[in-house]
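Residue strings, one per chain:
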Amino acid sequence: MDDQSFNIDALKIILKYHLGLDSSKYCTGVLSGQQALDLIKEDIESKNNPRSKFTLIFMDCNMPGMDGFETTLKIREYLHSLGAEQPIISAVTGHMEQMYIDQAIMSGMNQVLSKPVNSLYL
């Protein structure tokens, strides 16, 4: 998830060419926190099963509207309310200062990756 489509495309290319992952088959890109939350809710509600197909989420931290920190909290709360398995949520940010890392972890993210994402991180 990123508010810049270029960043989504770049990450898909890294996943495809450096890890051999068919990004067209396994990746879904969204441009806002609300879209990400809605997508997870739609996925679960369409199957009437509290297990999401989204097991790994790359989350941009700084976006207009609902930022990545708030989105992560809402995803975690929603899935927890259903007793659903939690995905791995990796922060992707240009800010690597300790306060941003702490905020990412406190919001429920599992790790923090700096932009531009390097295939060595994955």
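Residues numbered from 1 in each chain as written. Predicted model: local features only at pLDDT ≥ 70, side-chain atom pairs only at ≥ 80, totals over all residues. Heavy atoms only, no water.

Helix and strand counts for the protein chain stand at five helices and three strands. Along the protein chain, from the amino end to the carboxyl end, the secondary structure elements read α-α-α-β-α-β-α-β. In the protein chain, which comprises 122 residues, the proportion classed as buried is 38%. Sequence separation of at least 24 residues holds for 57% of the intrachain contacts in the protein chain that already meet a minimum separation of 6. Of the roughly 7200 Å² of accessible surface on the protein chain, a fraction of 53% belongs to carbon and sulfur atoms. (Helix = DSSP H or I, 4+ residues; strand = E, 2+ residues; numbered from the N terminus. Buried < 20%, exposed > 50% of the residue type's maximum accessible area, 1.4 Å probe, protein only. Contact = heavy atoms within 4.5 Å. Areas by Shrake-Rupley, 256 points an atom, 1.4 Å probe, with all protein chains shown as cover.)

Glancing now at the sheet that holds strand S1 (residues 56-60). One open sheet accounts for three strands, arranged S1-S2-S3; its pairing is parallel. Since the sheet does not close on itself, it has two edges, and those belong to S1 and strand S3 (111-114), each with one partner. Each adjacent strand pair in this sheet contributes to an overall mean axis angle of 30°, direction not counted. Examined bridge by bridge, S1 and strand S2 (residues 88-93) share five bridges and lie parallel to one another. Considered in S2, the bridge of Leu56 is made with Ile88. (Pairing = 2+ DSSP bridges. Axes fitted to C-alpha atoms, helices over the stretch in contact; angles between N-to-C directions.)

This paragraph deals with helix H3 (residues 33-47). Under the 1.5 Å per step criterion, the end-to-end length of H3 is 22 Å for 15 residues, consistent within 8% with the ideal 21 Å. Residues of H3 that are buried make contact with S1 and helix H4 (68-82). (Expected span 1.5 Å × (residues − 1).)

Everything listed here is a matter of geometry and, on its own, says nothing about what the molecule does.
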